[in-house]
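Listed below are the residues making up each chain.
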Amino acid sequence: MSCHAPDGGGTTTAVREAGTPLIALTGNPNVGKSTLFNALTGAHQRVGNWPGKTVSVARGEWRTLGGARLRLADLPGSYSLLPDSPDEELVRDVLTAPAGERPDAVVFALDAANPARNLYLLSQILDTGIPVVAALTMTDVAARRGAALDPGALARELGLPVVPVEGRTGTGLDLLADTVADALPGPPPHRAASYAAASSPASYPPGARAPGAWSAGSPVDAELDALVREAAHAPHPYPPCWLAVSLLCGEEPAAAVPAGLVDRARLAAARLAATAEYADAEVLVAEARYAWAHAVIERAAPRPAQARPTLTDRVDRLLLSRSFGIPFFLAVMWGVFQATTTLAKPLQDGLGAFVSGPVSGGAERLLEAVHAPGRLTGLLVEGLISGVGQLLTFVPLMIIMFALLALLEDSGYFARAAFVADRLMRTLRLPGRAFLPLVVGFGCNVPAFASTRILSRRSHRLLVGMLIPYMSCTARLAVYVMIAGIFFGSNSGTVVFLLYVASVLLVVSMGLLLRPLLFKDMEEEPLVLELPPYRLPTLRVTGAQVLQKLGAFLRTAGGIIVATAAAVWLLMAVPAGAGAGGFGKPEVEQSVFGTVTRAVAPVMAPAGFGDLHATAALGTGLIAKEGVISTLAQTYSAEEDGGPELGDRLHATFAESSGGHPEAAALAFLVFVLAYTPCMATVAAQRAEIGTRLTLIGLGLQLAAAWLLATGVFQIARVLW
């Protein structure tokens with residue numbers, strides 16, 4: 001089958017917009033695509049929704065050695081352009097957009113260790129007519145397996161440039177940039193009218209076979225050739241070869257596609273189905289693509305008679321086994337939390353002493369020297385410096401935590417979490433890959449909602465969207481570590497680990513509750529997931545991930561803390577009655593802030609922390625969990641000058657509110673923080689993904705579950721303490 005339209009046919013044009021060329025980085029999941037994107041763009045990147053879509057895409061500036069600037073978009077990992085999820089729909093829509101809106105070129109990340117599935121997607125991308133450069137990744141893994149691909153032979157077979165790269169070390173990136181620049185349609189800046197012209201031989205190795213010439217085999221060849229010729233002459237804005245194949249496979253046509261072309265594609269599909277005993281047209285085309293892929297692999301890299309088991313295979317037999325997989329995963333996570341709290345504590349103590357001593361004292365003396373108003377001094381010292389300073393003490397903890405998690409991710413172990421959790425997810429009739437958005441929720445709940453788009457079934461996405469808020473994010477982690485450090489000392493790491501285990505158990509419990517009530521007809525689906533090989537982590541990749549995540553946390557938390565601290569200080573400065581003094585002079589209990597929180601505090605009494613300070617912290621924590629720490633620091637700071645440290649004050653408060661059971665009250669407080677609404681940003685993201693009705697139901701469940709669990713934990717724990 002040839003996807004070459006007759007010369008001069010069709011009205012499909014794609015004019016490359018003036019300015020910086022747009023390059024789409026595509027490929028299957030777990031092929032090193034994101035690592036390659038980070039290596040190419042460095043710090044020149046941002047994440048946001050693709051125009052007109054709700055799917056987030058990382059975009060960045062790719063600067064070549066020659067000084068050229070390219071725009072690079074890291075499209076979501078995809079297995080097919082016949083989409084089965086919102087992420088795959090975005091990839092399809094970007095690569096098959098109307099003329100003038102498509103990328104100028106595609107960099108296809110091709111996993112040398114698992115090429116067959118990769119080549120299936122590549123054959124579909126070639127149908128779009130966009131110039132393609134293959135970036136060959138995982139070459140070292142393929143070599144260890146005794147099945148190394150020859151880049152030159154592969155380029156000849158595919159009819160397109162193939163460049164071996166290593167994103168972790170930077171090998172091959174300069175050659176990739178030059179090759180992409182050569183593959184771009186040259187001056188005059190235009191995109192040709194047909195697939196054949198779009199893949200001009202000038203962009204590919206001399207004498208190479210034109211891309212897209214995969215053979216479907218008779219009788220599919222004849223039907224597709226006829227459809228491609230007709231699609232090339234029909235009035236529509238899409239690549240004719242891709243359009244012909246997608247219509248033959250039964251894809252729903254866009255409104256711009258002529259009805260006559262759609263009808264003829266359906267008739268062709270019916271004729272093929274009648275000639276095939278067990279398959280329809282889509283299956284026949286898929287089989288042809290895989291047959292082509294295997295033929296390419298055989299010619300580019302003949303396989304050994306018997307593949308040798310790799311180190312990854314041997315390790316996975318143990319770490320993914322039913323008996324050892326989950327215990328090992330739990331042990332690894334316990335080690336992460338224990339190491340984080342143990343290593344970070346001395347650094348946190350030092351930073352805390354620095355902020356509360358020299359920084360606060362110096363700021364106060366400076367403000368007094370310039371005769372600043374007392375209200376301004378209160379806002380800056382008791383509000384901003386106290387709140388932001390308390391948060392900054394968690395920077396060492398975040399660095400250690402992010403570094404350990406980045407090491408696990410870069411090594412390839414974290415990707416195994418979906419397989420380890422597959423049996424657990426099946427209790428909810430969810431596929432194992434549903435655990436991946438939940439794992440993202442450990443970092444931040446907001447992007448976790450976007451991650452649900454990897455799930456093909458809408459019911460799966462809705463259920464996971466209701467469970468994500470129960471996953472403990474990094475903002476909650478800061479609260480866990482502070483409270484656990486104050487009340488549980490050397491056991492704080494174990495307490496934090498148990499809170500994360502409780503988070504997963506809460507997800508399962510709420511899923512078992514919600515599934516029969518709201519998702520009765522939900523069907524199971526098998527888990528199909530590509531796993532990367534185990535590799536030694538590199539300092540470059542780990543450091544880049546730590547800096548990126550720490551920067552995002554500080555940018556988000558910093559803005560929230562400043563706004564929250566200013567609002568809390570203002571409310572504490574406003575007297576609640578005539579006898580409370582003037583503005584900026586009332587005691588905390590006599591301010592508007594204290595009056596409101598004291599009115600709500602009795603609701604929390606059964607959980608052991610019915611106190612103004614704890615209730616106020618939970619109130620600001622509803623806006624953002626970063627506000628919990630700053631509010632506690634701020635309310636105690638405003639209450640008295642000097643005196644005990646924050647930990648001592650908090651311990652005394654919980655001891656009083658719990659009737660002498662401070663540890664039980666602290667544990668109940670932590671459980672409440674775990675279970676109730678993470679933040680308003682999460683609520684907004686949840687509403688965008690699952691709708692207003694389910695979001696409101698979720699809010700009610702979160703608050704009810706938090707109160708019930710916290711009360712139950714306190715009532716049981718006070719018997720033990």
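What comes next is a walk through the structure. Since this is a predicted model, take the numbers as computed values, not measurements.

Before going further, it helps to spend a moment on unusual backbone geometry. Despite not being glycine, Asn30 shows a phi value in the positive range, around 60°. Topologically, Asn30 is positioned in the loop between β1 (22–27) and α1 (33–41).

Throughout the structure, instances matching the rule amount to 8 salt bridges. Between Arg92 and Asp93 there is a salt bridge, and its shortest N-O distance comes to 2.6 Å. Take Arg92: its relative accessible area is 17%, and that puts it in the buried class. Its relative accessible area of 25% is what places Asp93 among the partly exposed residues. Between Glu230 and Arg264 there is a salt bridge whose closest N-O contact spans 2.2 Å. Residue Glu230 is located in helix α8 (residues 220–233), and its partner Arg264 is located in helix α10 (residues 259–275); the two are separated by 34 residues in the primary sequence. Residue class for Arg264 comes out partly exposed when judged on its relative accessible area of 41%. It is possible to trace a salt-bridge network through shared partners that takes in Arg92, Asp93 and Glu251.

Turning next to the packing of helix α29 (residues 680–690) against helix α30 (residues 692–720). Across the interface, α29 lies against α30 with an axial gap of 7 Å and an inter-helix angle of 135°. The angle between α29 and α30 places the two elements in the oblique class. Between α29 and α30 lies a crossing of right-handed hand. Across the interface between the two elements, Val683, Gln686, Arg687 and Ile690 of α29 pack against Thr692, Leu694, Thr695, Leu699 and Gln702 of α30. Classifying every residue of the contact of α29 with α30 gives 4 nonpolar, 4 polar and 1 charged.

To continue, consider the side chain of Thr179. Take Thr179: it is sitting in helix α6 (residues 173–183). Given a relative accessible area of 14%, Thr179 falls into the buried group. Only 2.7 Å separates the side chain of Thr179 from the backbone oxygen of Leu175, close enough to count as a polar contact. Residues contacting Thr179, with those up to four places away along its chain left out, are Val133, Pro161 and Val163.

Reading the values: rules and limits
Residues numbered from 1 in each chain as written. Predicted model: local features only at pLDDT ≥ 70, side-chain atom pairs only at ≥ 80, totals over all residues. Heavy atoms only, no water. Helix = DSSP H or I, 4+ residues; strand = E, 2+ residues; numbered from the N terminus. Salt bridge = Lys/Arg side-chain N within 4 Å of Asp/Glu carboxyl O. Buried < 20%, exposed > 50% of the residue type's maximum accessible area, 1.4 Å probe, protein only. Axes fitted to C-alpha atoms, helices over the stretch in contact; angles between N-to-C directions. Parallel < 35°, antiparallel > 145°, perpendicular 65-115°, else oblique. Left-handed = near helix turned anticlockwise from the far one by under 90°. Contact = heavy atoms within 4.5 Å. Nonpolar A, V, L, I, M, F, W, Y, C, P; charged D, E, K, R; others polar. Polar contact = N/O pair within 3.5 Å; in protein donor to acceptor, adjacent residues only side chain to side chain.

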